[in-house]
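Fold and contact review
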Amino acid sequence: MPVSPPLRKRNLFTRHAQVAQWRISRLDPGTQAILWSMSAGFLFVVLNSIMRGLAIALDPFQTQFLRYVMGLAVMLPLVMRGGFAAYRPRNVAGQFSRGAVHTLGLVLWFTAIPHITIADTTAIGFTGPIFIMLGAVLVFKEPMRWERWLAAAIGFAGVLIVVGPKLSGGAGWYTLVMLASSPVFAASFLITKALTRYERPEVIVVWQSITVTLCSLPLALLHWQMPGPGQWVLFLLCGILGSAGHYCLTRSYAVADISATQSVKFLDLVWATLIGWLAFGDAPSNSTIIGGVVICAATIWIARRESRGPR
């Protein structure tokens, strides 16, 4: 019986995906973690660009709630296909603790994002890797080799080169609110790292959507506005991007030390610059080009060092 064209295309896509996954699995854990983290960063940059526009048009807390509702809706078919028993967590309390902490970080982030420029938001967000690296040392006793500290420092210097001339400092206390979200998100990611020891990445991502949705609902109901058709489509896209981004991030934490992936976080600024250039025609400034070169150099260098393993 001949195979229909749609089925043939689907089988071809499945084979390509399996080949790509096999090639990635043959890489050393450090390189795998960096690739997963790079993918997550790109997805989150696209997600945050859409979320900022939605948070300005609608209530920020409603935007936060609907983003995770759609993320849960996107993953529901996968859960039904695999069976609910396959997604039952071993530590329900840990999942809800992670969800509550992440919700707190989101509340701070969404409170500030409508009032802060993209440059200020980017600069403040890049303090997160520093908090994560410190927490990895204190909580998980991960070995912080000098290469990781140096790559993080060089990457952060590249960020300052890019955003330093653009910082306005006129956002008042909202800047401090945004800054306060960084250590909270760091704590959430550290809890995620702990959960990867006995939970599959798919389980963690599904339960993050469940717990954040439940924790965000009361705030969303305070100033509810009915989204338009175009906004519903954007929320669905955000659900896909967010779920895929958190899956990639969780996979990176599962295969290597969390501190080994933090220097790649600075590549998010490169993704943001490219998206702004291609989508909105925002030509990069000289400081952006110079800083981007510094960030890329630090990322490539630490990737090569991590692939060789500790000396």
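Look above for the structure.
A quick note: this is a predicted structure, and the numbers were derived from the prediction, not measured. (Residues numbered from 1 in each chain as written. Predicted model: local features only at pLDDT ≥ 70, side-chain atom pairs only at ≥ 80, totals over all residues. Heavy atoms only, no water.)

1. A word on the overall build of the protein
What counts, and what does not: Numbering of helices and strands runs from the N terminus; a helix is a DSSP stretch of H or I covering at least four residues, while a strand is a stretch of E covering at least two. Each residue is assigned to one of three classes by its accessible area relative to the maximum for its type, calculated with a 1.4 Å probe on protein chains only: buried under 20%, partly exposed between the two thresholds, exposed over 50%. Two residues qualify as a contact provided that any one of their heavy atoms is within 4.5 Å of a heavy atom in the partner residue. Per-residue and other accessible areas follow the Shrake-Rupley method at a 1.4 Å probe size, with only the shown protein chains counted as cover for residues.
The helix and strand tally for the protein stands at 12 helices and 0 strands. When the 311 residues of the protein are sorted by exposure, 47% land in the buried category. Pairs at least 24 residues apart make up 90% of the contacts formed inside the protein by residues separated by at least 6 positions. Surface summary for the protein: the accessible area is close to 15,400 Å², and the carbon and sulfur share equals 70%.

2. Considering a nonpolar patch on the surface
Where we set the bar: Patch membership is restricted to residues that have no salt bridge and whose relative accessible area is over 30%. Joining uses 9 Å for like charges and 5 Å for the nonpolar side chains Val, Leu, Ile, Met, Phe, Trp and Tyr. Here a salt bridge means any side-chain nitrogen of Lys or Arg lying within 4 Å of a carboxyl oxygen belonging to Asp or Glu.
The grouping of Leu-217, Leu-221, Trp-224 and Met-226 at the surface amounts to a nonpolar patch, some 410 Å² of accessible area in total. Within the secondary structure, Trp-224 is located in the loop between helix H9 (201–220) and helix H10 (229–255).

3. Details of the packing of aromatic side chains
What counts here: Stacked, edge-to-face and tilted are the three classes for Phe, Tyr and Trp ring pairs, Trp counted by its six-membered ring, which pair at centre distances within 6.5 Å; planes under 30 degrees apart are stacked, over 60 edge-to-face, the rest tilted. Definition used: whenever NZ (Lys) or CZ (Arg) falls within 6 Å of the ring centre and also within 35 degrees of the ring normal, the charge is taken to sit over that ring.
A full pass over the atoms with the stated rule returns 5 aromatic pairs. Aromatic pair Trp-36 and Tyr-247: ring centres 6.0 Å apart, planes at 90 degrees, arrangement edge-to-face. Of the two residues, Trp-36 is situated in helix H2 (residues 29–57) and Tyr-247 in helix H10; the sequence distance between them amounts to 211 residues. One cation-aromatic arrangement involves Arg-67 over Tyr-68; the distance from NZ or CZ to the ring centre is 3.9 Å. When the ring centre of Tyr-87 is taken as reference, the NZ or CZ atom of Arg-200 above it lies at 5.4 Å.

4. Some words on the nonpolar core
A general tendency of soluble globular proteins is for nonpolar side chains to be buried together. Selection rule: Buried Ala, Val, Leu, Ile, Met, Phe, Trp, Tyr and Cys residues form a nonpolar core when they are joined through side-chain atoms within 4.5 Å.
Judged by nonpolar contacts, the single largest core of 37 residues is most densely connected at Phe-110 and Met-178. The set of elements that each furnish at least two residues to this core consists of H2, helix H3 (60–82), helix H4 (92–112), helix H6 (128–140), helix H8 (173–195), H9 and H10. Looking at this core element by element, the count peaks at 9 residues for H2. Ignoring anything within four residues of it in the chain, the contact list for Phe-110 reads Met-51, Ala-55, Pro-60, Thr-63 and Gln-64.

5. Comments concerning the packing of H9 against H10
Stated formally: The axes used here are C-alpha line fits, helices contributing only the stretch in contact, and every angle between their N-to-C directions lies in the interval 0 to 180 degrees. Should an angle fall under 35 degrees it is taken as roughly parallel, and over 145 as roughly antiparallel, whereas 65 to 115 is taken as roughly perpendicular and any remaining angle as oblique. Each crossing gets its hand from how the near helix is turned against the far one by less than a right angle, where anticlockwise is left-handed and clockwise is right-handed. Residue classes follow a fixed rule: Ala, Val, Leu, Ile, Met, Phe, Trp, Tyr, Cys and Pro count as nonpolar, while Asp, Glu, Lys and Arg count as charged, and any other residue, Gly among them, counts as polar.
Two elements in contact, H9 and H10, have axes whose closest approach is 9 Å; the angle formed by their N-to-C orientations is 140 degrees. With respect to each other, H9 and H10 are oriented oblique. In terms of crossing hand, the pair formed by H9 and H10 is right-handed. Seen from H9, the contacting residues are Pro-201, Glu-202, Ile-204, Val-205 and Gln-208; seen from H10, they are Ser-243, His-246, Tyr-247, Thr-250 and Arg-251. Looking at the contact of H9 with H10 residue by residue, the classes come out as 4 nonpolar, 4 polar and 2 charged.

6. Focus: the pattern of salt bridges
Two side chains bearing opposite charge may form a pair once their charged atoms approach each other closely. Counting across every chain of the model gives 1 salt bridge. Residue Glu-202 is joined to Arg-200 by a salt bridge in which the shortest nitrogen-to-oxygen separation is 3.5 Å. Classification of Glu-202 by relative accessible area gives partly exposed; the value is 28%.

7. A short note on the side chain of Gln-95
Along the polypeptide, Gln-95 turns up in helix H4. Not counting chain neighbours up to four residues away, the residues in contact with Gln-95 comprise Pro-89, Leu-195, Glu-199, Val-203, Ile-204, Trp-207 and Thr-211.

8. Some words on the packing of H3 against H4
At a minimum axis distance of 9 Å, the contact between H3 and H4 shows a crossing angle of 135 degrees. Relative to H4, H3 is oriented oblique. Of the two elements, H3 crosses H4, and the hand of that crossing is right-handed. Between H3, through Pro-60, Phe-61, Thr-63, Gln-64 and Tyr-68, and H4, the contact on the second element is made entirely by His-102, Thr-103, Leu-106, Val-107, Phe-110 and Thr-111. Split by residue class, the contact of H3 with H4 holds 6 nonpolar, 5 polar and no charged.

9. Points about the environment of Ser-287
With respect to the element layout, Ser-287 can be found in helix H12 (residues 286–308). When the C-alpha positions of Ser-287 and Leu-160 are compared, they lie 9.3 Å apart, and in sequence the two are 127 residues distant.

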